[in-house]
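This is what each chain is made of:
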Amino acid sequence: MPTEQQLALLISTYDLGHQPFALASPAAWLGAAGARVVCNDLAVEPLDEAAVRTARLIAVHLPMHTATRLAGELTPRLKALNPKAQLCFFGLYAPMNEDYLRSLGGDSVLGAEFEAALVATYRAATTGEALPQPGNLDKLAFLTPDRVGLPGLEHYAKLRLPDGSERLSGYTEASRGCKHRCRHCPVVPVYDGRFRVIERDVVLADVRQQVAAGARHISFGDPDFLNGPGHALALIEDLHAEFPGLTYDVTIKVEHLLRHEAALPKLRRTGCLFVISAIESFEDGVLERLDKGHTRAQALAAVELLRRSGLDLSPTFVPFTPWTTLEGYRGLLSDIVALDLVAAVAPVQLALRLLVPAGSLILELDDWPRFAGAYDAENLTYAWRNPDPAVDTLQGEIMALVADGEAAGEERHSLFGRLWRRVHESLGETAPPLPPGRTGAVPSLSEGWYCCAEPSENLMRAAQV
Ligand code: SF4
């Protein structure tokens, strides 16, 4: 049956400030299948109501928690505008929230590696073929993402350099999934220790089109860039040969930084400006519970190694967990000071609270029932309480300080100083003066990165569709 000229509408509600790869990639597949494709990124543009009204397939991408909550608010509007369209939710957070998404009126729920399944869903919407089964991790032969229908890169997060200048930044992925099984990670329930490589020529073609659109920096959004080191290192050599002035950033876990120490000079030489690494905590007890695969000593070694390699570190943390104490939080800030990382840590990283979505492996921990509350269907997380109520109170205060400071454009050292004084006050202590940071500003993106932590209400409001 022909499927030409039927409209497939791909919607992103929020993708951490990136031009969404997860719309551009299926846009190419659906276009090749004969669909007329409209991409609508609600983080930077209004809902395309005309497209909603005429679409046969409406597919909403759910890469993370905030996007899922925003999609929940959006769905009644979609259903009111077009109750007959096939409504599909896809991405990392779709399978774990399947009951909720179906209760909203979702007809199909697809997990990761969704491109072929979206084409099959489109065919089902236009020809009556059977809907595909979710949860298929079959290897795909990727197509070059089609970014033509997306807003320009100037609407997205930019690279901020230490001198205050900004560069247009692009975003791509060289792999999806992860071969590790950290207990708190949303990738694990879907990929279960597997990852999928995106072919090198496809990644290079995607970078090429973003450079042509003005990008001077690329963020690689792979959950871990060195899951497949052979693929990753060959890619950055090709990238650098073709675009010698292009810079990039990657995410690499502590364990991989230490194991692939010899690769770090190559990253530096080929234009890597900074490495995001999920340190999460400097406390061995917390790291063990998260099954993070590194210890405090290894995290400290990785910080030192990156410094020796000339690569800036952008560490991420989950500072507030059921196992956090007031002394432990003060210790985290003290470690950041001692390691001269104050300028490197995005303030929101010091305010986040462990996210426990449906399906999280955290639920399997023996001591979890001590902290656990009921599943909060509105917020799509399990509620939990720290055994010391003062820690939960501190978290709320720290989040408010960070939100205010960021809204006012407060410089990182200054805002850190306020958190430093606040935690000492909560312990009934006078905060010692902070030593002046030896390191000045570091390169960063103008929108923060996090996924294993609860979003603040401020972020929800900022990302409101
Ligand atoms: S936290 Fe990082 S390393 Fe651990 S499973 Fe998730 S993506 Fe992989």
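Residues numbered from 1 in each chain as written. Predicted model: local features only at pLDDT ≥ 70, side-chain atom pairs only at ≥ 80, totals over all residues.

(A) The arrangement of helix α8 (residues 200-212) in detail. With 13 residues, α8 should cover 18 Å at 1.5 Å per step; its first-to-last C-alpha distance of 18 Å lies within 8% of that length. Listed in full, the buried residues belonging to α8 are V202, V203, D206, V207 and Q210. With its buried residues spanning 135° around the axis, α8 presents them on a single face. Facing away from the buried side of α8 by over 90 degrees, the exposed positions are D201 and A212. Residues of α8 that are buried sit in contact with β8 (169-172), β11 (217-220) and α9 (229-242). Immediately beyond the C-terminal end of α8, within one or two residues, lies G214, with a positive phi of roughly 115°. (Helix = DSSP H or I, 4+ residues; strand = E, 2+ residues; numbered from the N terminus. Expected span 1.5 Å × (residues − 1). Buried ≥ 20, exposed ≤ 12 C-beta atoms within 10 Å, placed from the backbone. Arc of directions from axis to C-beta. Contact = placed C-beta atoms within 7 Å.)

(B) Quick look at the sheet that holds strand β14 (residues 312-317). The 5 strands lie next to each other as β8-β11-β12-β13-β14, forming an open sheet whose pairing is parallel. For this open sheet the edge positions go to β8 and β14, each flanked by a neighbour on one side alone. Ignoring which end each strand starts from, the neighbouring axes of this sheet average 20° apart. Each of β8 and β11 is contacted by α8, which is oriented at about 160° to β8, the strand it contacts most. (Pairing = 2+ DSSP bridges. Axes fitted to C-alpha atoms, helices over the stretch in contact; angles between N-to-C directions.)

(C) Summary view of the domain arrangement of the protein. Considered domain by domain, the protein is made up of domain 1 (7-127) and domain 2 (153-462). The gap between the C-alpha centroids of domain 1 and domain 2 is 27 Å. Facing 20 residues of domain 1, the contacting portion of domain 2 comprises 30 residues. Listed by contribution, the elements that provide at least two residues to the side of domain 1 that touches domain 2 are α3 (65-81) and α4 (93-96). In terms of residues, the side of domain 1 that touches domain 2 owes the most to one element, α3, which gives 4 residues. For the side of domain 1 that touches domain 2, the residue count by class is 10 nonpolar, 8 polar and 2 charged. (Domains from an automatic or database assignment. Nonpolar A, V, L, I, M, F, W, Y, C, P; charged D, E, K, R; others polar.)

(D) Seen up close, the site of the ligand. All residues adjacent to the ligand are C178, H180, R181, C182, C185, V187, V188, P223, D224, K253 and A278. Each residue belonging to the shell around the ligand can be placed in one class, and the counts come to 7 nonpolar, 1 polar and 3 charged. (Near = placed C-beta within 6 Å.)

(E) Spatial organisation of the pairing of strand β1 (residues 7-12). Counting buried residues along β1, 6 of its 6 residues qualify, which places the element largely inside the surrounding structure. Judged by which residues are buried, β1 turns out to be covered on both faces: L7, L9 and I11 on one side and A8, L10 and S12 on the other are all buried. This β-α-β element, β1 to helix α1 (residues 21-32) to strand β2 (residues 36-41), shows right-handed connectivity. Taken together, the 5 bridges between β1 and strand β3 (residues 57-61) define a ladder with parallel strand orientation. When the bridges of β3 are listed, I11 appears paired with V60. (Right-handed = clockwise from strand over helix to strand, strands pointing away.)

(F) Spotlight on the nonpolar core. Judged by nonpolar contacts, the single largest core of 137 residues is most densely connected at A8, L9, L57, I58 and L118. Residue contributions to this core peak at 8 residues, all from α1. Here this core gathers at least three residues from each of two domains, domain 1 (7-127) and domain 2 (153-462). When near neighbours in sequence (up to four residues on either side) are disregarded, A8 contacts L30, A35, V37, A55, R56, L57, A59 and Y122. (Core = buried A, V, L, I, M, F, W, Y, C linked by C-beta atoms within 7 Å.)

(G) Examining the sheet that holds β3 more closely. Taken in spatial order, the 5 strands line up as β2-β1-β3-β4-β5 in an open sheet, and their pairing is parallel. Only two strands of the sheet have a single neighbouring strand rather than two, namely β2 and β5 (108-110). Taken pair by pair, the neighbouring strands of this sheet meet at an average axis angle of 20°, ignoring direction. Pairing of β1 with β2, which is carried by 6 bridges, proceeds in the parallel orientation. Paired with S12 across the two strands is D41, which belongs to β2. Against the sheet, α1 engages β1, β2 and β3, with an angle of about 170° to β2. Packing against the sheet, helix α6 (residues 115-127) makes contact with β1, β3, β4 (86-90) and β5, and its axis sits at approximately 170° to β4.

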